[in-house]
Amino acid sequence: MENIIEVKNLTKKFGHFTAVDNVSFNIRKKEIFGFLGPNGAGKSTTIRMLTTLLRPTSGDATIASHDVVKKQDQVRKHIGLVAEKIILYDHLTARENLEFFGRLFHLPKDEIKRRSEKWIGKLHMTEWLNAQVGTFSTGMKQRINIVRALLTEPDILFLDEPTLGLDPQTTHMIRGFIRELNNQGVSVLLTTHDMLEAEELSDRIAIIDHGKIAASDTVENLKKRAQKENPTLEDVFLAITGKEIRDVTNGRVATRGHMHGPIRANNRVR
Amino acid sequence: MQTIFDLWQIAKKDLLEFRRDRLRLITFFIMPIFMMIMVGFIFPNQNSIKNISIGVVNQDNQSVSQGLVESIIDLKLSGDNPAFVVKDYSNIEAIKDGIKKQEISGGLFIPSDFSTKIAQSEQTEVTVVEDQSNPQISQMVNQVLVKIIDGFSGQLGQQKINQILVGRASANTSAQSIMAPIQAKLIGIIPGNPNYFEFVAPGIMAMIVMTAVLTGLAASISREKEQGTLDGILISPINRLAIILGKALSQSIRGLIQGAIVLLLAFFLFGVTVHGSLLLVALLLILGIFSFVGLGILVSAIATEQETATQLLFMFQFPMLFLSGVFFPILMMPSIMQKIAHVIPLTYAITALRKVMVLGAGFGAVRTEFLILLIFGVVTLTISVPVFKRVITK
Ligand SMILES: Nc1ncnc2c1ncn2[C@@H]1O[C@H](COP(=O)(O)OP(=O)(O)OP(=O)(O)O)[C@@H](O)[C@H]1O
Ligand SMILES: [Mg+2]
């Protein structure tokens, strides 16, 4: 089967700190790829490199066979990004936001309208189109944010914790939506700290820890690794990454008594 | 062409966002109003002269000199308030003492031979004593006193000429005693501008506009970095140049609006008139902004957080305010400071604006400043744009 994403020995260093360490994996066309790992493992950093927002220190990555460093403009045509922070302007209405971001991709106005209306109805946001995003709940913002990411009609959608902070209803709706998108042929890279969500949605899962891929397989095969009867994905995750908490203190992350390079302390707030 | 379309999208979005943000909008309008009013009060104009105590020594005490003193007492510059409260002193030393004790803000000395000399058609001299501890007030006081004396002197001259014409006075009167029978001598005066506010207004305008653009640009970029929306722009195929230029454009439009507000306030509130072409003023402001944009881009590229950007800029702005000649003429500064002043683009913008607004100069007179501002802009942009492009995807 063909790969939509190929990552080979990808590394990102911030000063002396290695956030992503020699990571290699492939994502197949039309699959949902769960990308799991503890806080600070390097998931978002990897996504930022794959979406051309961050320059890799070394290694290669291609999206739809286009190099993420050398063929940035080609790559950008194929991707959609739902990042950790919601990419919308509070003072603009939902419609104005979509128009603005659509224009950045040089889409004509009616095309932006056509593309967004398709998704907005499904996500039950039609009646809110002309309200300012600042007045929305997190769930409403995230739904518009997803529509924004889909404006390019991407082949691969990057979802960095798309259900974080959402109520069960919205979470349920968004999960269903992700599955529907996938059925229509969109490949998905999904990060989440919700093991049930990962298990429910993912065709295959990679677990990253301290910037390194610790395991990569289907949920079924991963479960065979846990020395336990009827293991959950959480059991597997803990078996692979250990039970120590990744403490962020004074700009450094401490695990297993080791100190790892400088990091940003505001790493996990929303 | 595509870049222009893209940068316009960015600028349009920024302006729309700004228009919707009530808090930012309020400060945008309040800031120049506040600045102008503050400066207007700190630096008095003639209207603010009222009930100011001055000492008068009239050693002559004849009808002519009494007439002079009366016209000082009668003078009203602001509404019904007398401009001066006149106190009598016995000699010039007593006046100086009075100033030292801050009982009076200036004094006038009329010598004992005042009337005699006028009667004999000789030129006579009065002395205005200045309170140098308060240059702003005393400058105004001096101007007003000298004006009164000149006016009074002119009247006497006319009388003299009339007398000659009807043949009642001898024709061998000195020309001086006709032209200016009373000579006002100022002592201890720094030569100043006719209206300090006219001097300050162009500087204030340039300063407000340029610092607004500078901080606005850096704040706008770092805010988008912090909120994560910049990623949404960076992930699109538009040129990085279009992003930064679009932001610069929206900030410049805002800056020009603020400049217009300052100008209107100066005109309606403080009676400052623009003697030169308004078009040239606008052009100079645009060029001034252009000279600053590079610096703004550089700061916003380097600073990851909004707060850092603001602080970094404050470091530039603070010395700039004092060195660029907004408040005092650069020529009055020590020579090292003058040299520093000449590497600050704001200095040139202000000098040029002052020439146009106060002196009514045309393009020819500000050509040098024009060129220097242009060079500043081009140089800083050629440095900062590649840095921005490089830093934005670390
Ligand atoms: N710009 C940066 N400068 C320095 N360190 C950084 C930077 N961005 C990320 N890091 C550090 O790199 C490490 C990986 O961060 P990353 O955001 O990729 O983690 P993550 O797996 O997404 O974690 P989370 O589950 O908390 O989102 C963290 O220790 C983080 O603090
Ligand atoms: Mg993350």
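The structure this text deals with has already been given above.
A. Just the overall build of chain B, in detail. Each helix and strand counted, chain B has 15 helices and seven strands in total. When the 394 residues of chain B are sorted by exposure, 49% land in the buried category. If you sum the accessible surface of chain B, you get close to 18500 Å²; carbon and sulfur atoms cover 64% of it.

B. View of the sheet that holds strand S7 (residues 156–160) of chain A. Residues and elements named next belong to chain A. The six strands are arranged S6-S7-S8-S3-S9-S10 in an open sheet whose pairing can be described as mixed. Two strands close off the open sheet at either side, each with one partner strand: strand S6 (79–82) and strand S10 (212–218). Looking at each pair of strands side by side, their axes are set apart by 15° on average, direction ignored. Where strand S9 (residues 204–209) lies against S10, six bridges are found, and the strand directions are antiparallel.

C. Region of the structure containing the nonpolar core. Ranked by internal contacts, the top residues of the largest apolar core, which has 142 residues, are Leu50, Ile63, Phe158 and Leu189 of chain A. With 16 residues, the top contributor of residues to this core is helix H8 (residues 196–227) of chain B. Look past the residues within four positions of Leu50 of chain A in its chain and what remains in contact with it is Ile5, Val7, Leu10, Phe25, Ala61, Ile63, Val68, Val75, Phe158 and Leu189 of chain A.

D. Structural view of the environment of Lys223 of chain A. All names here are of chain A. For Lys223, the position within the fold is in helix H8 (residues 219–225). Expressed as a C-alpha distance, the spacing of Lys223 and Val236, which sit 13 residues apart in the sequence, is 6.0 Å. The contact partners of Lys223, leaving out residues within four places of it in the chain, are Glu199, Pro231, Thr232, Leu233 and Val236. At 2.4 Å, the side chain of Lys223 and the side chain of Glu199 are in polar contact.

E. Broad picture of the coordination of the magnesium ion (ligand 2). Donor atoms from the polypeptide that coordinate the magnesium ion (ligand 2) comprise Ser44 of chain A (OG) and Glu84 of chain A (OE), at 1.9 to 2.4 Å from the metal. Of this pair, Ser44 of chain A sits in helix H1 (residues 43–50) while Glu84 of chain A sits in the loop between S6 and helix H3 (94–104); the two residues are 40 residues apart in sequence, bridging distant segments of the chain.

F. Molecular detail of the interface of chain B and chain A. Across the contact, 29 residues belong to chain B and 27 residues belong to chain A. For the pair chain B and chain A, the summed buried area comes to about 2600 Å², and 60% of that belongs to carbon and sulfur atoms. Seen at the junction of chain B and chain A, the total is two salt bridges. In this structure, Asp231 of chain B engages Arg48 of chain A in a salt bridge whose closest nitrogen and oxygen atoms are separated by 2.7 Å.

G. Here's a closer look at the side chain of Glu369 of chain B. Residues and elements named next belong to chain B. By the element assignment, Glu369 lies in helix H15 (residues 367–392). At 3.0 Å, the side chain of Glu369 forms a polar contact with the side chain of Lys355. Setting aside anything within four residues of it in sequence, one finds Glu369 in contact with Tyr348, Thr351, Ala352 and Lys355.

Scoring rules and cut-offs
Residues numbered from 1 in each chain as written. Chains lettered and ligands numbered in written order. Predicted model: local features only at pLDDT ≥ 70, side-chain atom pairs only at ≥ 80, totals over all residues. Heavy atoms only, no water. Helix = DSSP H or I, 4+ residues; strand = E, 2+ residues; numbered from the N terminus. Buried < 20%, exposed > 50% of the residue type's maximum accessible area, 1.4 Å probe, protein only. Areas by Shrake-Rupley, 256 points an atom, 1.4 Å probe, with all protein chains shown as cover. Pairing = 2+ DSSP bridges. Axes fitted to C-alpha atoms, helices over the stretch in contact; angles between N-to-C directions. Core = buried A, V, L, I, M, F, W, Y, C linked by side-chain atoms within 4.5 Å. Contact = heavy atoms within 4.5 Å. Polar contact = N/O pair within 3.5 Å; in protein donor to acceptor, adjacent residues only side chain to side chain. Donors = N, O, S within 2.8 Å, 3.2 Å for Na, K, Ca; no water. Buried area = accessible area lost by both parts, 1.4 Å probe. Salt bridge = Lys/Arg side-chain N within 4 Å of Asp/Glu carboxyl O.

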